[in-house]
Amino acid sequence: MIHQKRRHALLNQLDNNAVVIVSTNPEQNRSGDVNYPFRVHSDFYYLTGFQEPESLAVFSKDNYTIFLRPKDKAREIWDGKRLGIDDAPKILKSNHAFPIDLLKQKLPQIIFNNQVYFDAKICQLDNDITHLLSNHQLKSLAPTLHEMRLIKDTLEISTLQKAVNISTKAHQLAMQAIQPNLFEFEVQSIFDGHFSKNNAQHAYMPIVAGGKNACVLHYIENNKKLNKGDLVLIDAGAEVDCYASDITRTFPVSGQFSRAQKQIYQIVLDAQINAINAIKPGVKINEPHKIATKIIKQGLINLGILEINGNLSQFYMHGTGHWLGLDVHDVGQYKKNGNHRKFIAGMITTVEPGIYIRKDGKINPIYHNIGVRIEDDVLVTTSGNTVLTKSLAKEINDIESLMSQ
Ligand code: GLY
Ligand code: MN
Ligand code: MN
C-alpha cells in the first residue's frame, strides 16, 4: 500500500496527463559467469517495493503496468524463484503485468498523448526505452521524486533505525574486541558477521583504518596490523531493506587515548555535538558545517597545528554531512536557487566532522598520523532533532570504559 500511496503522491505533483517510467538497475558482472549481488535501483524500489532484476514500472493516474521476467522453470533452478506475470498484479497492485521481453511491443500501446517522465540510466534497458520514445518530449522525474525521497515517512524512519541499531551493536562489539596486533580485516569481520547474522548488508565498503591509514579518507584495503598506541577509525554501516546507516567512530587500539589523541578527538567531538545541536527546522543546512569548521579551526590554532591564517582544508577537507536514506549519499537538493536550503522535519542527515593530520615537519610529531572522524545519523523532527545513533559511545570516558569491559 505504501508504494501505491507514493505513486499517487508523485503523480499529484506532475502534469495531469503524466506517465512515469522507472526501471531498476542492470545486473553487474563481477568476473566470468559471476555477478555482483543484485541491488535494486532506489527510485524503483521506493515506488514499487519490487526487487527482481530486469523490471520496469509504467504508471499514470489510471494505469499501472509492470514489466518483469516471466517464470522460467530452468532459470529458477539456477537463480531462484521469480514472481512471474500471473502473480505480479495481485502482489504489486498493478493493473497489468507483461514479460520484459515484450517491452518494445507493449510500451507504445500504453503511452499515448501523455507527458512522459523518465530519467535514463546508462544501461541497455534504458537505451531501449529512450529509443522507443524518440517521438516524445521527455521530462525529468528526478527533481520531484527526489524531493519526496528527501522527506522520510514513518516506515522509512523505522527501517533506517533498524539498520542503525544493527550497526551500533557491531561498533560496540568491535570496540570491545579490538586489541593491538589484530589485523584490520579481523575487525571488519565483526561487522561482516554481525550484519549477516541480522540479515543485513554493508551499505558501503567499510573502512577499518589503523593509525595513519585513517588519514586516507576512502581507505578500504583494511589489511594492515593495528598497532598499540594508535587510533583506529571505523566507518561502517548496515543496510536493511535497502535503507542505509552510516556511522564512524574513532578509538584507541589499546583502550586508552594518549594526551595528544585526546586533544584532537575532543575538538572533533565538540565540533560534532555543536553541529548536531544546531539542527532543527528552519535552520540553513550549511549551519552544522559552519559551526564544525569554526570549532575545528580554533582548536587546531590553539594547539599550534594551524596558523591563524592557515588553510583548514589541509586537516579537514570534506563536508560535515549528507542526506541518508535508500542511498548512503541520498538524493535531494542541498541548494535552492543557488542558496543553501533549510532543514525540514523528516530529513535525515549525517553529521561527520573530522581532523586528519599527516606527517609534516612543521607540526609537532606527537600529532602526526592522527585521523579522527565521528559520524552520527540525525533525523530532523518538528521540535529539533533526534540522533538515531545516540546509543553508541562517543565521549572519551564512555569509549574507554566500554573498551575496558
Ligand atoms: N561512509 C560514507 C560516508 O561517510 O560518507
Ligand atoms: Mn557519511
Ligand atoms: Mn561514513
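Definitions and limits used
- Residues numbered from 1 in each chain as written.
- Chains lettered and ligands numbered in written order.
- Predicted model: local features only at pLDDT ≥ 70, side-chain atom pairs only at ≥ 80, totals over all residues.
- Heavy atoms only, no water.
- Buried < 20%, exposed > 50% of the residue type's maximum accessible area, 1.4 Å probe, protein only.
- Helix = DSSP H or I, 4+ residues; strand = E, 2+ residues; numbered from the N terminus.
- Pairing = 2+ DSSP bridges.
- Donors = N, O, S within 2.8 Å, 3.2 Å for Na, K, Ca; no water.
- Tetrahedral: all angles 85-135°; square planar, octahedral: opposite > 155°, others 65-115°.
- Salt bridge = Lys/Arg side-chain N within 4 Å of Asp/Glu carboxyl O.
- Contact = heavy atoms within 4.5 Å.
- Axes fitted to C-alpha atoms, helices over the stretch in contact; angles between N-to-C directions.

Bringing the pairing of strand β17 (residues 348-351) into the picture now. Burial along β17 is two-sided: the residues Ile348 and Thr350 and Thr349 and Val351 are all buried. Relative to strand β20 (residues 376-380), β17 runs antiparallel, the two being bridged by four bridges. What sits directly across from Thr350, in β20, is Asp377.

Glancing now at the coordination of the manganese ion (ligand 3). Every protein donor of the manganese ion (ligand 3) is listed here as Asp235 (OD), Asp235 (OD), Asp246 (OD) and Glu375 (OE), and their distances to the metal cover 2.1 to 2.3 Å. Its six donor atoms give the manganese ion (ligand 3) angles of 56 to 168 degrees at the centre, a pattern that matches the irregular case. Sequence spacing of the donors to the manganese ion (ligand 3): D-x10-D-x128-E. The buried category is assigned to Asp235, whose relative accessible area is 7%. The exposure class assigned to Glu375 is buried, which follows from its relative accessible area of 0%.

Moving on, we come to the pattern of salt bridges. For the coordinates displayed, the defined rule picks out 18 salt bridges. Across the pair Arg373 and Asp235 runs a salt bridge, and its minimum N-O distance is 3.0 Å. Linking Arg373 in strand β19 (residues 370-373) with Asp235 in strand β11 (residues 231-235), this pair joins segments that are 138 residues apart in sequence. The buried category is assigned to Arg373, whose relative accessible area is 5%. Note that Arg373 and Glu352 form a salt bridge whose closest N and O atoms lie 4.0 Å from each other. In this pair, Arg373 is assigned in strand β19 and Glu352 in the loop between β17 and β18 (354-357), connecting sequence segments 21 residues apart. Among the charged side chains, a salt-bridge network with shared partners connects Asp43, Arg149, Lys152, Asp327 and Asp330.

Turning our attention to the coordination of the manganese ion (ligand 2). Ideal geometry at a metal centre: 109.5 degrees between donors when four sit tetrahedrally, and 90 or 180 degrees when six sit octahedrally. The manganese ion (ligand 2) binds to the protein through Asp246 (OD), His322 (NE2), Glu352 (OE) and Glu375 (OE); the donor distances cover 2.0 to 2.3 Å. Taken together, the six donor atoms coordinating the manganese ion (ligand 2) and their angles of 51 to 153 degrees define a geometry best described as irregular. One chain supplies every donor to the manganese ion (ligand 2), and in sequence these donors are spaced D-x75-H-x29-E-x22-E. Separating the manganese ion (ligand 2) from the manganese ion (ligand 3) is a gap of 3.3 Å, which Asp246 spans by donating to each of them. Here Asp246, found in the loop between β13 (243-244) and β14 (248-252), pairs with His322, found in the loop between α11 (287-302) and β15 (335-336); they are 76 residues apart in sequence, far enough to count as distant. In this structure Asp246 comes out as buried when scored by relative accessible area, which is 4%. By relative accessible area, which is 8% here, His322 ends up buried.

This brings us to the sheet that holds strand β5 (residues 63-68). Taken in spatial order, the six strands of this open sheet run β6-β5-β4-β1-β7-β8, and their pairing is mixed. Unpaired on one side and paired on the other, β6 (96-99) and β8 (138-139) mark the two borders of the sheet. Strands β1 (18-23), β4 (56-60) and β5 of the sheet are contacted by helix α1 (residues 2-11), whose axis makes an angle of about 55 degrees with β4. With respect to the sheet, helix α4 (residues 84-92) is in contact with β5 and β6, its orientation differing from that of β5 by roughly 140 degrees.

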